[in-house]
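Below are the chains, spelled out letter by letter.
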Amino acid sequence: MSIHRREVEVLRRRSLEFLEEARIALRRGSFDIACFLAEQALQLYLKSILLELVGDYPRTHSVRRLLGEVNRLLNSSELEEFIRVNRIRLSVLEDAYLMARYFVKEYSREDAEDMIKLVKETINIIDKVIGGRS
């Protein structure tokens, strides 16, 4: 197995582990942590996709920028529409990277549930688009 393939697999595994930890934090009532972990899950997933498709990814924490790069590469009207419809939700998720760590912003159960749901929806649509390309 190439180092490149191994890195893709590690990022993908970590992404899914972050998503599972987000669910656990939600059940514990740690909503801020659940939001942060959900954002991390999507960030690593998108980086793994970019690494797989082009061999690299932008050194950014911006979920929207990473998702835009994935969309540019996949050129999918379905993914583009998903991004357009979920623009505000994606922005809120991206903000959780900093807000849940450094600011006095408290997230609610509903916030955490929606962020986890958004991450799952995003992963599912990208997997669907990639699966349809083969």
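Details of the structure are given in the entry above.
A brief report on the enclosed structure follows. (Residues numbered from 1 in each chain as written. Predicted model: local features only at pLDDT ≥ 70, side-chain atom pairs only at ≥ 80, totals over all residues. Heavy atoms only, no water.)

1. Focus: the packing of helix 3 (residues 63-74) against helix 4 (residues 77-85)
So, step 1. Between helix 3 and helix 4, the least distance of the axes is 9 Å, while the angle of their chain directions is 155°. Here helix 3 is positioned roughly antiparallel relative to helix 4, judged by the angle of their axes. In the crossing of helix 3 with helix 4, the sense of the turn from one axis to the other is left-handed. From helix 3, Leu-67, Val-70, Asn-71 and Leu-74 reach across to helix 4, where they touch Leu-79, Glu-80 and Ile-83.
So, step 2. When its residues are assigned to classes, the contact of helix 3 with helix 4 shows five nonpolar, one polar and one charged. (Axes fitted to C-alpha atoms, helices over the stretch in contact; angles between N-to-C directions. Helix = DSSP H or I, 4+ residues; strand = E, 2+ residues; numbered from the N terminus. Parallel < 35°, antiparallel > 145°, perpendicular 65-115°, else oblique. Left-handed = near helix turned anticlockwise from the far one by under 90°. Contact = heavy atoms within 4.5 Å. Nonpolar A, V, L, I, M, F, W, Y, C, P; charged D, E, K, R; others polar.)

2. Looking at the nonpolar core
Looking at soluble globular proteins, one finds that nonpolar side chains tend to be buried together.
So, step 1. Counting residues in each nonpolar core, the largest one holds 42 residues, and the members touching the most others are Leu-42, Leu-46, Val-70, Leu-79, Val-119 and Ile-126.
So, step 2. Mapped onto this core, the elements with two or more residues apiece are helix 1 (3-28), helix 2 (31-54), helix 3, helix 4, helix 5 (87-102) and helix 6 (109-133).
So, step 3. No other element matches helix 2, which puts 14 residues into this core.
So, step 4. Apart from the residues lying within four places of it in its own chain, the contact partners of Leu-42 are Val-63, Leu-90, Leu-93, Val-119, Thr-122 and Ile-123. (Core = buried A, V, L, I, M, F, W, Y, C linked by side-chain atoms within 4.5 Å. Buried < 20%, exposed > 50% of the residue type's maximum accessible area, 1.4 Å probe, protein only.)

Scope: geometric values only; no functional claims are made or implied.
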